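An overview of the molecular structure
Now for the letters of each chain:
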Amino acid sequence: MSIVLKSYAAGQWVEASSGFSDIPSAIDGRVVARASSAGLDFGAMVTYARTVGGPALRALTFHERADRLKALALYLTERKEPLYALAADTGATKGDNLIDIDGGLGTLFAYASRGRRELPNEHVVVEGPPEGLSKGGTFVGAHVMTPLEGVAIHINAFNFPCWGMLEKLAPAFLAGVPVITKPATATAYVAEAVVRLIVESGLLPAGALQLICGSTGDLLDHLTGQDIVSFTGSIETSEKLRNHPSISRQAVRFIAERDSLNAAVLGPDAVEGTPEFDLFVKEVVREMTVKAGQKCTAIRRVFVPRALEPAVTAALSTRLAGATMGDPRTEGVRMGPLASRAQRASVLEKVAEIAQEAEIVYGAPTAADEALDPSLAGGAFLAPVLLRCTAPLTGRHVHTTEAFGPVATVMPYDSLDEAVTLVAKGEGSLVASIFTYDDAVADRLFFGLAPYHGRVLLVDRDCAKESTGHGSPLPMLVHGGPGRAGGGEELGGIRGVFHYMQRTAIQGSPKRLTALTRRWTKGAPAPADGPHPFTRDFDTLVIGETVRTPSRVITLDDIEHFAHFTGDLFYAHMNEEAAKANPFFPGRVAHGYLILSFAAGLFVQPDPGPVLANYGLDNLRFLKPVSPGDAIAVRLTVKQKQAARKPEYGEVRWDVEVTNQHGEVVATYDLLTMNARPVAAVS
Ligand code: NAP
């Protein structure tokens, strides 16, 4: 019995009554699901996202959203087993599911934890320190990132229905932007099952996530400049969508992840018998067979020194022969079928195109090769195909025709420069791998390939054991690539979150900047007439409150004492002549750490109170030497407050400036403390 897929629109599960496409199992062709989006009101979905989802998400801070992502990851982890069984019909083996399902959940966990660590517990991000824009310091500027007020449309490829959806959902959600997700129809039943669990969890606010099973109808007609489209799929569809009148006219942000003819390059040093040679062979075969080669990052082009080509081809062929293809539900099967018969036909077509410039050295692809094993008839099985192109400099298809299946082409190169030229013929890719243990080879290849790639992996005996491999994008590193691969937008990491936000320059007075950014800016009022801020708990502490200390003279005895007490006898503090010879010092000077210690001695209020701990310093700079006889004083100002992971505490960032008797700044830094919150505010 097949499943009738529903869309999730405006908080309701909606079933179409017409226009269904049958979705066949990759294993045996039986219809496993049917999908249609006929009758969906796409305009209403967009409005619902903008008016219900967006405001609900933006009411949460980054940390609150990160916490929900983590809770969601845990919720899905407890319920992932049935997803494996469902995904088998897409052709996914146990190993493939580890990438798609566990990898998708891992992405949620990673974004949750990085969101907690790298984003503030606030609604906007203030980037970096303020910039002085005038001589007198009354006009300053900064950059502020605010979430877009539209909707993120996520259009995904068929190959990773779970990971592909979640790796896009996580950064958009963290940014505070609602999502309408549209999985590829061929594997939409897995995505639909994941969305069902997400909805059941009740962890995402209403309107944060909607789902379209079937085509996107007139969805794109409703987009404006506050919206964003993130697409994964073929170059042809990407171009069609990018040129959609709403997208081009309204400059809708458009991110594309698409075709990529990724390369692996074997260094000339990695001859037979070296660990790198073996690792190379293993990795190429793994990339050809995992997910039956239907990975955006799979190795399609295999570059080897000409002298090593016969050995590489032979080793690859031997290893490919050991890759067990079959029903992905069967224990021991390493490679399942392609996602559909249509996909299989497309791969065979592309192999024929590549074969115009290359010979097939392993595999015998024919439209009827499933007949070799009658038990696989009706499925979308295709055994691996290895090609060899001996004149790759003049080839075109070998570099630009993507056969999205278990297919790769071996190509010899005659010099490292030539290897770089050949890789670049892929017109920009997601990832390249370099296998070498030679520093000079690694240097030439890395810097040659980097401009053409979003990610370059260097594999050798030292990292092989722990390396995640060529094909595994890590959630916090760039996933994306220039040119053919989509255009080089940096996805992955916190910068992936920023795609969903607008960066705006803010200019005005220090007082205005302080008020708008909730971060004290030098030049803004800094009242020092109240009780010492160390006596105030987190909630009553006001940004801008300041301590101005009396001054303290630093003597030569202080420097001597500090040097012998700490063991820091560096000549600049101990030897007048040697210190004088140093271009930075007028003679013996105080240790930087002595200045910090004396500064603390000046500003600290020693009684037990709400300041619980000093947990670090940021942005420390020693700007002027302090000589014996100089007198230092400190200004300590509450710069920023942020709720901590535990509700009993808050994090306080203090702006500290140490000056000498001439009013010159000798040191600046941010002091970080953990401050208690009143019990009533917590309960
Ligand atoms: P595709 O045919 O371009 O489809 C991709 C998505 O676009 C599907 O959800 C599809 O929906 C949708 N779509 C197609 N026509 C559309 C239209 N006119 N309007 C709106 N949506 C439309 O690509 P695919 O065959 O699924 O995926 C394989 C390709 O994806 C390969 O080329 C691979 O390299 C690429 N890929 C790239 C990455 C990457 O990160 N760079 C990752 C994975 C895959 P339907 O399924 O309903 O048609």
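With respect to the sheet that holds strand 20 (residues 501–508)
Taking strand neighbours across the sheet as the criterion, the three strands line up as 6-7-20 in an open arrangement whose pairing is antiparallel. The strands lining the two open edges of the sheet, one partner per strand, are strand 6 (125–132) and strand 20. When strand polarity is set aside, the average angle formed by the axes of neighbouring strands in this sheet is 20°. Taken together, the five bridges between strand 6 and strand 7 (residues 140–147) define a ladder with antiparallel strand orientation. What sits directly across from V126, in strand 7, is V144.

A look at the sheet that holds strand 15 (residues 359–362)
The mixed open sheet is built from seven strands, whose spatial order is 15-16-17-14-13-18-19. Among the strands making up the open sheet, the edge pair consists of strand 15 and strand 19 (453–459). Sheet twist, expressed as the average angle between the axes of neighbouring strands with direction ignored, equals 25°. Relative to strand 14 (residues 299–305), strand 13 (residues 262–266) runs parallel, the two sharing four bridges.

Remarks on the site of the ligand
Neighbouring residues of the ligand: 24 residues in total, closest N156, T185, S234, T237 and E402. R258 has a polar backbone atom sitting 3.0 Å from a nitrogen atom of the ligand. Contact with the protein chains removes 80% of the 910 Å² of surface that the ligand exposes when unbound. Residue assignment for the shell around the ligand shows that the elements contributing at least two residues are strand 11 (228–232) and helix 7 (235–242).

Some points on the domain arrangement of the protein
Domain boundaries assigned for the protein yield domain 1 (3–131 + 146–256), domain 2 (263–486) and domain 3 (526–682). Summarising the inter-unit geometry, the C-alpha centres of domain 1 and domain 3 are found 48 Å apart. Across the interface of domain 1 and domain 3, roughly 450 Å² is buried in total on both sides, 33% from carbon and sulfur atoms. At the boundary of domain 1 and domain 3, one finds zero salt bridges. Run the count over domain 1 and domain 3 and you get one residue pair in polar contact (both at pLDDT 80 or more). Among the residues forming the side of domain 1 that touches domain 3, the class breakdown is one nonpolar, one polar and two charged.

How each quantity is defined
Residues numbered from 1 in each chain as written. Predicted model: local features only at pLDDT ≥ 70, side-chain atom pairs only at ≥ 80, totals over all residues. Heavy atoms only, no water. Pairing = 2+ DSSP bridges. Helix = DSSP H or I, 4+ residues; strand = E, 2+ residues; numbered from the N terminus. Axes fitted to C-alpha atoms, helices over the stretch in contact; angles between N-to-C directions. Near = heavy atom within 4 Å. Polar contact = N/O pair within 3.5 Å; in protein donor to acceptor, adjacent residues only side chain to side chain. Areas by Shrake-Rupley, 256 points an atom, 1.4 Å probe, with all protein chains shown as cover. Domains from an automatic or database assignment. Buried area = accessible area lost by both parts, 1.4 Å probe. Salt bridge = Lys/Arg side-chain N within 4 Å of Asp/Glu carboxyl O. Nonpolar A, V, L, I, M, F, W, Y, C, P; charged D, E, K, R; others polar.

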